[in-house]
Amino acid sequence: MSGLNLKALRKAFGPTEIISGVDLEIADGELIVFVGPSGCGKSTLLRLIAGLESVSAGEILIGGRDVTRVDPARRGVAMVFQSYALFPHMTVRQNMGFGMRVNRVPKAEAAERLQKAAALLQLTELLDRKPAQLSGGQRQRVAIGRAIVRDPQVFLFDEPLSNLDAELRVQMRAELAALHARLGATMIYVTHDQVEAMTLADRIVVLRAGRVEQVGAPLHLYDDPDNLFVAGFLGSPRMNFLTAEVQPDGQLRPLGLDVDLPSPIAGLRPGRRVVIGCRPEHVEIGDGPLAATVKTVEQLGNSTFVHADCAGTPIAAELQERWGTRADAALRLALPTEKTQLFDAETGLRIRQ
Amino acid sequence: MSLRKALIYMAMVVVAFLFVAPLWWAILSSFRPNDAIFRDLFPFTPNALLPEPFSLDAYVAIFQRGFGSIIANTLLVAGLTTALGLVVNALAGYAFALFEFPGKSAVLGVVVVSFMLPFEAIAMPLYSVVSQLGWIDHVAALVVPSVANGLAVFLFYQFFREVPKDYYEAARLEGAGWLRILWSVYVPLSLPTCISAGLMLFIFQWEAFLWPLLAMPAQQFKVIQVGMAAFQDQYTTAWNQLFGAAVITALIPMLLLIPLQRYYVQGLAGSGIKG
């Protein structure tokens, strides 16, 4: 098992740059999740690490060894594909043993590795079935099994749960977390699902347009985002944003409103445009300076999402109790100053004290 | 049954009869003595559609005239072409489907055009090439030019392109080289395509007439279509033997096609195949 280093990694397809200089250090045994919207380059980054795409510039090191130009099969990585890519004409046993057959692993050793992986993933009963005779979750486990028997230094997962239904996803997510704990292997996991990212990751790498926006532990990114993109990407409903202007007295006046809100940060230049960010669970309903109209109310049973409109800006609030108000009701909202974050309206970067 | 329906059925029976009658008559005629073949036709009597008088003389005579070795020759040529053709065309289709190389679409265009050209258009240039290679009157002249087949390449290309690329990449990550991936992953998945392409190559050779006639002027090594023509002499035609040879000639590819037709249709219509 070993860690992985990416140094100034770039990938361009013709004139289009997909990955624009990624530096990343992944420790041995870490589970890292690449997350970002479609087209952000997260899958490309994974394929660069796997060796399925060639690198335009930069270096990839696995366990300290430069593998940038090394054949995919010799990098010590194993990949689980979104489609599972199980060979349909082979049984589970043949699928899992394919790599060992190709690499002429002695039969006894191959059988032992296969049995061990099958037992770990509860596949022993299914070894003689073909992929078409398996459920989605079982296919997923076979794909993981095929990776495990190779005993790789790094596991790569490309959106492995996205073809499963909601219930199975939750179950497989738990199984993957347990598997990581048991194997202690370095894993890189690509997803666009922030719940998967938040629940599985040791650290999350948020990508946008081929760049790393922020790297950190899930709750750290959630609580302390570096920029508007990360703040808005993690959390559902997403963080509320109100564009405001700094007043001469240091207070913040949201555009289109005639109220001033206290600033969490002192000493901002008057006239500067900022974005006030506040998570839905921190928005207080009842007595506050912001007048809003209820648009929709979502009752989830254990909590309630209230979507309101505040002078054209949508504001979501999450309540822990049930709440009976219907659409079009008038509301007063407050954003507790100590729970709000400020971002520069132009650059989107977080403004810190 | 209404009159309308009855008329429709009548019409269908007539059409079916028109289609089947010549075939039926040819098969029957192979089981008659040569002098009895036209007897019941002018004037027509229903006896013309019955094997009467019944005789196997034609078949005995065919094999006495060496038709057995002609069949063996043709099976050899068609079998060799099919076996070599499957390897060559599958490799070519695989290269077009999976690899990027300069001029790929131009070369693929040439492949597509090549199977639209009638054989007659290339017969003479091909003859001069084969003759310079010294292959005239040699089995190689029949086999080698037919091995690479544009349509078969295109069939394989179409199929392999539809196979999800994830299979290729998964196998590559497992350490398999491209040849191993072709053999272990793509070929098993493309069995219907292999069967279609194989049957097509076989039938092309089975039906070949002009080229074997040109390339084998000494007539020491005859294939079936050329051999059949020999039943027509300048002054006489052994009709019953000719029909007997035709029946055998049709029967052998049919015996191949019937058990495999499910795959043949699947392969030719197979661009929508799921991995």
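Calculation criteria
Residues numbered from 1 in each chain as written. Chains lettered and ligands numbered in written order. Predicted model: local features only at pLDDT ≥ 70, side-chain atom pairs only at ≥ 80, totals over all residues. Heavy atoms only, no water. UniProt positions renumbered as here; feature names shortened; annotations may be inferred. Helix = DSSP H or I, 4+ residues; strand = E, 2+ residues; numbered from the N terminus. Expected span 1.5 Å × (residues − 1). Contact = heavy atoms within 4.5 Å. Buried < 20%, exposed > 50% of the residue type's maximum accessible area, 1.4 Å probe, protein only. Pairing = 2+ DSSP bridges. Axes fitted to C-alpha atoms, helices over the stretch in contact; angles between N-to-C directions. Parallel < 35°, antiparallel > 145°, perpendicular 65-115°, else oblique. Left-handed = near helix turned anticlockwise from the far one by under 90°.

- An unreviewed UniProt entry annotates chain B as ABC transporter permease originating from Pleomorphomonas diazotrophica.
- Per UniProt, chain B carries the Subcellular location (unreviewed entry) text "Cell membrane".

- As recorded in an unreviewed UniProt entry, chain A goes by ABC transporter ATP-binding protein and comes from Pleomorphomonas diazotrophica.
- Recorded in UniProt under Subcellular location (unreviewed entry), the annotation for chain A is "Cell inner membrane".
- Here is the UniProt Sequence similarities (unreviewed entry) comment for chain A, exactly as written: "Belongs to the ABC transporter superfamily."

**As for helix H5 (residues 166–183) of chain A**
Residue and element names in this part refer to chain A.
So, point 1. With 18 residues, H5 should cover 26 Å at 1.5 Å per step; its first-to-last C-alpha distance of 26 Å lies within 8% of that length.
So, point 2. Turning to H5, the residues buried within the fold contact strand E3 (31–35), helix H3 (107–120), helix H4 (136–148), strand E7 (154–158), strand E8 (186–191) and helix H6 (194–200).
So, point 3. Looking one or two residues beyond H5, the residue adopting positive phi is Gly-184, at roughly 60 degrees.

**Describing helix H1 (residues 3–29) of chain B**
So, point 1. Along its 27 residues, H1(B) runs 37 Å from first to last C-alpha, staying within 8% of the 39 Å computed at 1.5 Å per residue.
So, point 2. Turning to H1(B), its buried residues number three or more, namely B:Ala21, B:Trp25, B:Ala26, B:Leu28 and B:Ser29.

**What to know about the sheet that holds strand E9 (residues 203–208) of chain A**
All names here are of chain A.
So, point 1. Judged by pairing direction, the sheet is mixed, and its 6 strands sit side by side in the order E6-E7-E8-E3-E9-E10 without closing on themselves. Looking at which strands have only one partner, the edges of the open sheet turn out to be strand E6 (77–80) and strand E10 (211–216). Adjacent strand axes in the sheet meet at a mean angle of 20 degrees, parallel and antiparallel pairs treated alike.
So, point 2. In terms of strand pairing, E9 meets E10 through 5 bridges, oriented antiparallel. Of the residues in E10, the one forming a bridge with Val-205 is Val-215.
So, point 3. The strands touched by H5 are E3, E7 and E8; relative to E8, the strand with the most contacts, the crossing angle is about 160 degrees.

**Observations concerning the packing of helix H2 (residues 92–102) of chain A against H3(A)**
All names here are of chain A.
So, point 1. Contact geometry for H2 and H3: axes closest at 10 Å, N-to-C directions at 130 degrees. Between H2 and H3, the angle falls in the class oblique. Crossing of H2 over H3 shows right-handed handedness. Here Arg-93, Met-96, Gly-97 and Met-100 of H2 lie close against H3, whose contacting residues are Ala-110, Arg-113, Leu-114, Gln-115, Ala-117 and Ala-118.

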